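Chain by chain, the residues:
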Amino acid sequence: MRKQGRDRWRELLADLSQRRVHLTWASLLAVVTATCMMVLAVTGILLVTVYQPSSALVTYDGVYGPLAGARVSEAFDSVMTISLETAGGLLVRQAHHWAALVMPASLIMQLLATFFSGGFRRPRQAGWLLLVALFVLVLLAGWSGYALPDDMLSGTGLRIVQGVTLAIPVVGSWASMWLFGGEFPGKIIEHLYAIHLLVPVSITAVLVAAAVFWWRTGPTVPVRAAATGSTGIRLWPDAALKALGMSAMTTAVLVLLGALATITPVWAYGPSDPGNVGAGSQPDWYMGFLDGALRLVPSGWETEWLGATWTFAVLVPLLVVGAWFVALTVYPFLESWVMGDAVDHHVLERPRNAPVRTGVGVAGALVYGVLWGAASADIVATRFHVSFESVITVLQVTLVVGPPVAFGLTRRIALGLQRKDREIAIHGHETGRIVRTLEGGYVEIHAPVDPAEGRLLTTVPVGAVHTRTDQEGRLSAGRRLRGLLGSRFAEGYVRPVDGPLVTATSARRVAWPGGSRQSRR
Ligand code: HEM
């Protein structure tokens, strides 16, 4: 029996060592994300043993003198006990919170790396959906956890959530009563605790699904590896040990942060109080874009209709953020539809070779960045001694004007880089060596590109589809739109090199008696 088990292990390891993978930014970040989740699960389970998810009021009689005799919730009281009276409690709490801050950062970088390298194209579109779902779930987990200590900071955040929920037309009051379980703060701690424990289960399920999906579709190939013909490294033991090392380093950093960097000092903030708001209250960084969206709506955006007040101050931000998430989710499908792309892609792309996608990505990141920046508008205003209104006005203008400008600029830069690649592919690298010829002219010596670099520089991007009429020669509205968008994508490519590459050292004429500037290969 034991021998059979050992044989199975050996077979599995042999199978793993047959598989080869490439190390990409996305795979490195996936290890960081998974490690954060492990740290969150371990520290979270330890916290559960002491934390009391209850909003019932008690009198604080712990070791922290300034709060002696204060009426606090049981939740706040237990977090004070974890922080100041439980051996290792503060370390565990802070490591939990730091992991919760790093996880969305690593996920966002994973989304960016996947987006800009086209890692979401067929057959990995489902992988992209899992990544977006993971991002949303992590935001939900972080938000629900942030509120659990029931301190002044979390109370302020919850007051905003209640205001937003109430402002949703028609269903707002009902939704607020359902979420809070009555008048503020109601039973919100109890409700959020249930959410906070359920969401990590979904996160784990999505992580497992993503791993299975990755196993089935196989690894992506970085464009440089494809150009050099590299087959990557063995999954076992090479890649597995590297991942283990990265995971150990991430854990060490999180534990060190937990030990050395104070985060959410609840004793200094004090217990939540529905009648008060802490000055300079900030959400955790990853929720900033939602808070910022609320701040950017011009004042007075509301109307009376059907006997009710419709507040756009909440509806518009909800719509903008909702539209942003929908765009993030459907982009891969939209791009493959526009491009008429029905083939599988395993080799990643250089962002410059997909100028429209890169432009869209930068524009989308700018929208997120502006919303995020708006969450700190009050801090910016006080630190830089400018008025809050002027900071908001600048951000409002940037939100409207910025994305198209960012798109155009990025596209131009990508095209410029493609032209530079083409130039190098044709003429080779400049060496800075100017040689005088027998005729008295001067030429610059150009070093040839090696075959692998040549392949990298001349990778031909997939062209866009052309509009096609049906059998009766009609062009449907869908096809017309597709053709229009497709032509925009097609404009984004510099024609690749036609002729053979430079294979021998070449010279480029830089000066000639008479002043002409010609080149020769
Ligand atoms: C098995 C998984 C998890 C368990 C059992 C768990 C449990 C807990 C408990 C009991 C608390 C309240 C204690 C306290 O605030 O000190 C807490 C707080 C928190 N949790 Fe989790 N959690 C888990 C996963 C997560 C995840 C995935 C995230 C976010 C990505 C997260 C973010 C937070 C945050 C931000 C806090 C507030 C920490 C603080 O007090 O400073 N948790 N968690």
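Presented here is a report on the structure given in the accompanying data block. Here the structure is a predicted model, which means the values were calculated and not measured.

1. So, the overall build of the protein chain
Along the backbone of the protein chain there are 18 helices and nine strands. With respect to the three principal axes, the spread of C-alpha positions in the protein chain is 95 × 75 × 60 Å. Each of the 521 residues in the protein chain was classed as buried or not, and the buried ones make up 42%. A separation threshold of at least 6 residues defines the contact pool for the protein chain, and within that pool the share at least 24 residues apart is 75%. A total of about 27,500 Å² of accessible surface is found on the protein chain, and carbon and sulfur atoms cover 66% of it. Side chains of the protein chain carry 43 positive and 34 negative charges; the gap between the two charge centres is 14 Å.

2. Considering the packing of helix H5 (residues 125-147) against helix H13 (residues 312-339)
In the contact formed by H5 and H13, the axes pass within 10 Å of each other and the chain directions differ by 175 degrees. As summarised for this structure, H5 and H13 are arranged roughly antiparallel, according to the angle between their axes. Here Gln125, Trp128, Leu129, Val132, Phe135, Val136 and Leu139 of H5 lie close against H13, whose contacting residues are Phe325, Leu328, Thr329, Pro332, Phe333 and Ser336. When the residues that make up the contact of H5 with H13 are grouped by side-chain class, the tally is 10 nonpolar, three polar and no charged.

3. A word on H13
The sharpest bend along H13 reaches about 55 degrees and sits at Val330, with the proline Pro332 one to four residues further on. Residues of H13 that are buried: Val314, Pro317, Val321, Trp324, Phe325, Leu328, Tyr331, Pro332, Glu335, Ser336, Val338 and Met339. Where H13 ends, the next residue or the one after it, Gly340, has phi of about 60 degrees, a positive value.

4. What to know about the site of the ligand
Looking at the ligand, there are 23 residues lining it, with Arg93, His96, His97, Pro149 and His196 nearest. In the environment of the ligand, a nitrogen atom lies 2.8 Å from a nitrogen or oxygen atom belonging to the side chain of His96. In the model, a nitrogen atom of the ligand is placed 2.8 Å from a nitrogen or oxygen of the His196 side chain. Contributing elements (two or more residues each) for the shell around the ligand: helix H2 (25-48), helix H4 (89-116), H5 and helix H8 (188-217). Looking at the shell around the ligand, the element that brings in the most residues is H2, giving six residues. For the shell around the ligand, the per-class residue count stands at 15 nonpolar, seven polar and one charged.

5. Quick look at the pairing of strand E5 (residues 302-305)
As judged from the four bridges shared by E5 and strand E6 (residues 308-311), these two strands associate in the antiparallel manner. Across the sheet, residue Glu302 finds its bridge partner in E6, namely Thr311.

6. A short note on the environment of Thr165
Structurally, the position occupied by Thr165 is in helix H6 (residues 152-166). The exposure class assigned to Thr165 is buried, which follows from its relative accessible area of 10%. Between the C-alpha atoms of Thr165 and Glu439, which are 274 residues apart in sequence, the distance is 81 Å. Other than its neighbours up to four places away in sequence, Thr165 contacts Gly172, Ala175, Ser176 and Leu179.

7. Remarks on the coordination of the iron atom of the ligand
Taken together, His96 (NE2) and His196 (NE2) make up the protein donors of the iron atom of the ligand, found 2.0 to 2.1 Å from the metal. If you look at the iron atom of the ligand, its six donor atoms make angles of 86 to 179 degrees with each other, and the shape they trace is octahedral. In this pair, His96 sits in helix H4 while His196 sits in helix H8, placing the two residues 100 residues apart along the sequence. A relative accessible area of 15% places His96 in the buried class.

8. Description of a nonpolar patch on the surface
A contiguous nonpolar surface patch, about 550 Å² in accessible area, is contributed by Val397, Val400, Val401, Val405, Leu409 and Ile413. Taking relative accessible area as the criterion, Val397 reaches 47% and is therefore assigned partly exposed.

9. Quick word on the packing of aromatic side chains
Counted under the stated rule, the structure contains 17 aromatic pairs. A centroid spacing of 5.2 Å and a plane angle of 85 degrees characterise the contact between Trp324 and Phe325, whose relative ring orientation is edge-to-face. Three or more aromatic residues joined by ring pairs form one cluster here, namely Phe115, Phe116, Phe120, Trp128 and Tyr331. For Arg19, the ring lying beneath its charged end belongs to Trp215, and the centroid distance is 3.7 Å. Here the basic side chain of Arg159 rests over the ring of Phe184, its NZ or CZ set 4.2 Å away from the ring centre.

10. Quick notes on the packing of H4 against helix H10 (residues 235-260)
In the contact formed by H4 and H10, the axes pass within 8 Å of each other and the chain directions differ by 125 degrees. Classified by the angle their axes make, H4 and H10 are oblique. Seen along the crossing, H4 lies across H10 with a hand that is right-handed. Judged by residue contacts, Leu91, Gln94, Ala95, Trp98, Ala99 and Val102 of H4 engage Leu254, Val255, Leu257, Gly258 and Ala259 from H10. Tallied by class, the residues present in the contact of H4 with H10 amount to nine nonpolar, two polar and no charged.

11. Examining the pairing of strand E7 (residues 429-436)
Buried residues are scarce in E7, accounting for zero of its eight residues. For E7 and strand E8 (residues 442-447), the ladder comprises five bridges, and the chain directions are antiparallel. Each residue of the ladder has a partner; that of Glu430, found in E8, is His446. Between the antiparallel neighbours E7 and E8 lie five residues, among them Gly440 with a positive phi of about 100 degrees.

Conventions we followed
- Residues numbered from 1 in each chain as written.
- Predicted model: local features only at pLDDT ≥ 70, side-chain atom pairs only at ≥ 80, totals over all residues.
- Heavy atoms only, no water.
- Helix = DSSP H or I, 4+ residues; strand = E, 2+ residues; numbered from the N terminus.
- Buried < 20%, exposed > 50% of the residue type's maximum accessible area, 1.4 Å probe, protein only.
- Contact = heavy atoms within 4.5 Å.
- Areas by Shrake-Rupley, 256 points an atom, 1.4 Å probe, with all protein chains shown as cover.
- Lys, Arg positive; Asp, Glu negative; His and termini not counted.
- Charge placed at Lys NZ, Arg CZ, Asp CG, Glu CD.
- Axes fitted to C-alpha atoms, helices over the stretch in contact; angles between N-to-C directions.
- Parallel < 35°, antiparallel > 145°, perpendicular 65-115°, else oblique.
- Nonpolar A, V, L, I, M, F, W, Y, C, P; charged D, E, K, R; others polar.
- Bend = angle between axes of the 7 residues up to and from the residue.
- Near = heavy atom within 4 Å.
- Polar contact = N/O pair within 3.5 Å; in protein donor to acceptor, adjacent residues only side chain to side chain.
- Pairing = 2+ DSSP bridges.
- Donors = N, O, S within 2.8 Å, 3.2 Å for Na, K, Ca; no water.
- Tetrahedral: all angles 85-135°; square planar, octahedral: opposite > 155°, others 65-115°.
- Patch = residues over 30% accessible without salt bridge, like charges linked within 9 Å, V, L, I, M, F, W, Y side chains within 5 Å.
- Salt bridge = Lys/Arg side-chain N within 4 Å of Asp/Glu carboxyl O.
- Phe/Tyr/Trp six-rings, centres within 6.5 Å; stacked < 30°, edge-to-face > 60°.
- Lys NZ or Arg CZ within 6 Å of the ring centre and 35° of its normal.
- Left-handed = near helix turned anticlockwise from the far one by under 90°.

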